[in-house]
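An overview of the molecular structure
Here are the chains, one letter per residue:
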Amino acid sequence: MFGLRKNKEAHRFYLLPGMGRSNRRHHWQVLRWTLIFGALFSALFGYLIYMLNRP
């Protein structure tokens, strides 16, 4: 009555492979390196365009 659920199966959930804590840590690590690489690549590409457009 107080806090007891009639259907416990309806509130059960499962973690699928790749949904754990280690996958979240890996996701943020990959995202961090992707942002760093993207910033470096865009800076180099911008510098290349700058050098090509100089008189």
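Residues numbered from 1 in each chain as written. Predicted model: local features only at pLDDT ≥ 70, side-chain atom pairs only at ≥ 80, totals over all residues. Heavy atoms only, no water.

What follows deals with the overall build of the chain. Looking only at helices and strands, the chain has one helix and zero strands in total. The burial tally for the chain puts 0% of its 55 residues in the buried class. For the chain, the exposed area adds up to about 6,100 Å²; of that, 67% sits on carbon and sulfur atoms. (Helix = DSSP H or I, 4+ residues; strand = E, 2+ residues; numbered from the N terminus. Buried < 20%, exposed > 50% of the residue type's maximum accessible area, 1.4 Å probe, protein only. Areas by Shrake-Rupley, 256 points an atom, 1.4 Å probe, with all protein chains shown as cover.)

Let's shift gears to a nonpolar patch on the surface. Residues Phe 37, Phe 41, Phe 45, Leu 48, Ile 49 and Leu 52 make up a contiguous nonpolar surface patch of roughly 660 Å² in combined accessible area. Within the element layout of this structure, Leu 52 appears in helix α1 (residues 21-53). (Patch = residues over 30% accessible without salt bridge, like charges linked within 9 Å, V, L, I, M, F, W, Y side chains within 5 Å. Salt bridge = Lys/Arg side-chain N within 4 Å of Asp/Glu carboxyl O.)

Across all of its chains, the model carries two aromatic pairs by this definition. Relative to Phe 45, the ring of Phe 41 has its centre 6.2 Å away and its plane inclined at 10 degrees; by these criteria the two rings are stacked. With Phe 41 and Phe 45 both in helix α1 and four residues apart, this pair spans about one turn of that helix. Note on Phe 41: relative accessible area 52%, which makes it exposed. Since its relative accessible area comes to 45%, Phe 45 is described here as partly exposed. (Phe/Tyr/Trp six-rings, centres within 6.5 Å; stacked < 30°, edge-to-face > 60°.)

On their own, these measurements won't tell you what the molecule is for.
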